[in-house]
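Structure at a glance
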Amino acid sequence: MDVSFQLYSAREFTPWEDVLKMIAGLGYTQVEGFGGVYGDPVAFKAALDQNGLTMPSGHFFPIGSFEEGLESSLNAAKVLKMQRLFCPAPEDLWRNGTDAANWIALAKRLEEAAKKVNDAGFAFGWHNHHWEFMPLPGGEIAMELLLEHAPSIDWEMDVAWVVRGGADPLAYIERYSDRLTTAHVKDIAPAGDCVDEDGWADVGHGTLDWKGIMAALRGAGVDLFVMEHDKPSDAQRFASRSIEAFKGL
């Protein structure tokens, strides 16, 4: 199984040269990119090469990155040798008490983006947060609307955000096994713990049953697993403990 590290987890612990050296030293061979590392893709690719790292996947936000910003996004992806591109957030839809129609409109934009990204030789998909699982005014679930109305997109499931959205990840893994390709491996601390880290925990040190979840993800054909922590107080501690826990799964 391929294990990767979402660089967003270490955004507060730059310079990136030090971050990449640390990650590689812990045994990671892959990373997942985000907007903060695409400014000079040629230089960043050289830094990856120097540390024996590859970047098979990357996040590009907002969806405009695949519309008016498509050329720039594809250029970064090509230089960095990515295979999978993901859109990780629905702009401001979650803040505005939006209804199903707005999510369906977003899905149609994602479907158009998928055609262009796929034609360029990349896989394209959605990365969820918790907003997509909170019932809309009409009772609809935004994640289901996105997958229904953008039938060509893949899904990178962030399991911990599914749980924070009040949904059962195992049920969604079973239902959408044909859409899942990649997963974010993240953990949730017990209530009241890790408050300074927004309640997240290092993988294997929280409340999620990662052994059971991993079995379900593997059964669904997921083959890229990305370690992530949205607000670690110590990136090296997180990276080290998480890869060790992952090896145990």
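Note that the structure is predicted; figures quoted are calculated from it, not measured.

1. Focus on the pattern of salt bridges
Oppositely charged side chains are able to pair whenever their charged atoms sit close together. Enumeration over the complete set of coordinates arrives at 13 salt bridges. Its salt-bridge partner being Arg-84, residue Asp-223 comes within 2.7 Å of it at the nearest N-O pair. One end of the pair, Asp-223, is in the loop between helix 8 (210-219) and strand 10 (224-227); the other, Arg-84, is in strand 4 (residues 84-87), and 139 residues separate them in sequence. Exposure remark for Arg-84: the relative accessible area of 18% places this residue in the buried category. Across the pair Asp-198 and Lys-231 runs a salt bridge whose closest N-O atoms are separated by 3.8 Å. Linking Asp-198 in the loop between strand 8 (187-188) and strand 9 (200-201) with Lys-231 in the loop between strand 10 and helix 9 (235-247), this pair joins segments that are 33 residues apart in sequence. Its relative accessible area of 37% is what places Lys-231 among the partly exposed residues. Put simply, Asp-158, Lys-186, Glu-228 and Asp-230 are held in one network by salt bridges that share partners.

2. Examining the sheet that holds strand 5 (residues 123-127)
Strand order in the closed barrel formed by eight strands is 1-2-3-4-5-6-7-10, with parallel pairing between adjacent strands. Here the average twist between neighbouring strands, direction ignored, is 30 degrees. Relative to strand 5, helix 4 (residues 100-119) is tilted by about 150 degrees, and along the sheet it contacts strand 4 and strand 5.

3. Brief notes about the packing of aromatic side chains
Describing an aromatic ring pair means giving the distance of the ring centres and the angle of the ring planes. The full count for this structure, using the stated rule, is 15 aromatic pairs. An angle of 25 degrees between the planes, with centres 6.3 Å apart, marks the rings of Phe-133 and Trp-155 as stacked. Placement of the pair is Phe-133 in the loop between strand 5 and helix 5 (142-149) and Trp-155 in strand 6 (residues 154-158), with a sequence separation of 22 residues. An aromatic cluster of at least three residues, connected via ring pairs, comprises Tyr-8, Trp-16, Phe-34 and Phe-44. Over the ring of Trp-161 we find Arg-164, and its NZ or CZ is 5.8 Å from the ring centre. The ring of Trp-200 is capped by Lys-186, whose NZ or CZ atom sits 4.6 Å from the centre of that ring.

4. Details of the nonpolar core
Counting residues in each nonpolar core, the largest one holds 82 residues, and the members touching the most others are Leu-7, Met-55, Leu-110 and Leu-217. Top element by residues in this core is helix 4. It accounts for eight residues. In contact with Leu-110, other than residues within four places in its own chain, are Ile-63, Cys-87, Phe-124, Trp-126, Leu-146, Ala-150 and Ile-153.

5. Topic: the layout of surface pockets
Over the atoms, a rolling probe the size of a water molecule traces out where space has been left empty. Reported here for the largest pocket is a volume of approximately 430 Å³. Tyr-8, Pro-88, His-129, Glu-228 and Asp-230 are, among the 22 residues lining the largest pocket, the residues nearest its centre. Residues that form the lining of the largest pocket fall into these classes: ten nonpolar, five polar and seven charged.

6. Quick notes on helix 2 (residues 41-50)
Side chains three or four residues apart in an α-helix point the same way, a direct result of the helix having 3.6 residues per turn. By the burial criterion, the buried members of helix 2 are Pro-41, Phe-44, Lys-45, Ala-47 and Leu-48. One side of helix 2 holds all its buried residues, which, seen down the axis, span an arc of 160 degrees. Residues of helix 2 that are exposed and point over 90 degrees away from its buried face: Val-42 and Gln-50. Of the surrounding elements, those touching the buried residues of helix 2 are helix 1 (16-25), strand 2 (30-33), strand 3 (54-59) and helix 3 (70-79).

7. Observations regarding the pairing of strand 5
In summary, the side chains of a regular strand alternate between the two faces of the sheet. Counting buried residues along strand 5, four of its five residues qualify, which places the element largely inside the surrounding structure. The pairing of strand 4 with strand 5 spans four bridges and is parallel. Looking across to strand 5, one finds that Cys-87 is bridged to Trp-126. Since strand 5 and strand 6 lie parallel, the crossover through helix 5 that links them has a hand, and here it is right-handed.

8. As for the environment of Asp-99
Note on placement: Asp-99 falls in the loop between strand 4 and helix 4. With relative accessibility at 37%, the residue Asp-99 sits in the partly exposed group. When the C-alpha atoms of Asp-99 and Asp-202 are compared, they prove to be 34 Å apart, with 103 residues separating the residues in sequence. Those residues in contact with Asp-99 that sit more than four places away from it in its chain are Leu-136 and Pro-137.

9. Some remarks on the environment of Val-31
Tracing the chain through its elements places Val-31 in strand 2. Separated by 27 residues in the primary sequence, Val-31 and Ser-4 place their C-alpha atoms 4.8 Å from one another. Not counting residues within four places of it along the chain, the set of residues in contact with Val-31 comprises Ser-4, Phe-5, Leu-7, Ile-23, Leu-48, Leu-53, Thr-54, Met-55, Pro-56 and Ser-57.

Rules of the game
- Residues numbered from 1 in each chain as written.
- Predicted model: local features only at pLDDT ≥ 70, side-chain atom pairs only at ≥ 80, totals over all residues.
- Heavy atoms only, no water.
- Salt bridge = Lys/Arg side-chain N within 4 Å of Asp/Glu carboxyl O.
- Helix = DSSP H or I, 4+ residues; strand = E, 2+ residues; numbered from the N terminus.
- Buried < 20%, exposed > 50% of the residue type's maximum accessible area, 1.4 Å probe, protein only.
- Pairing = 2+ DSSP bridges.
- Axes fitted to C-alpha atoms, helices over the stretch in contact; angles between N-to-C directions.
- Contact = heavy atoms within 4.5 Å.
- Phe/Tyr/Trp six-rings, centres within 6.5 Å; stacked < 30°, edge-to-face > 60°.
- Lys NZ or Arg CZ within 6 Å of the ring centre and 35° of its normal.
- Core = buried A, V, L, I, M, F, W, Y, C linked by side-chain atoms within 4.5 Å.
- 1 Å grid on protein atoms, 1.4 Å probe; cavity = no way out; pocket = protein on both sides within 12 Å on 5 of 7 lines; lining within 4 Å.
- Points joined across faces, edges and corners; volume = space filled by probe spheres on them.
- Nonpolar A, V, L, I, M, F, W, Y, C, P; charged D, E, K, R; others polar.
- Arc of directions from axis to C-beta.
- Right-handed = clockwise from strand over helix to strand, strands pointing away.

Read these as geometric descriptors, not functional statements.
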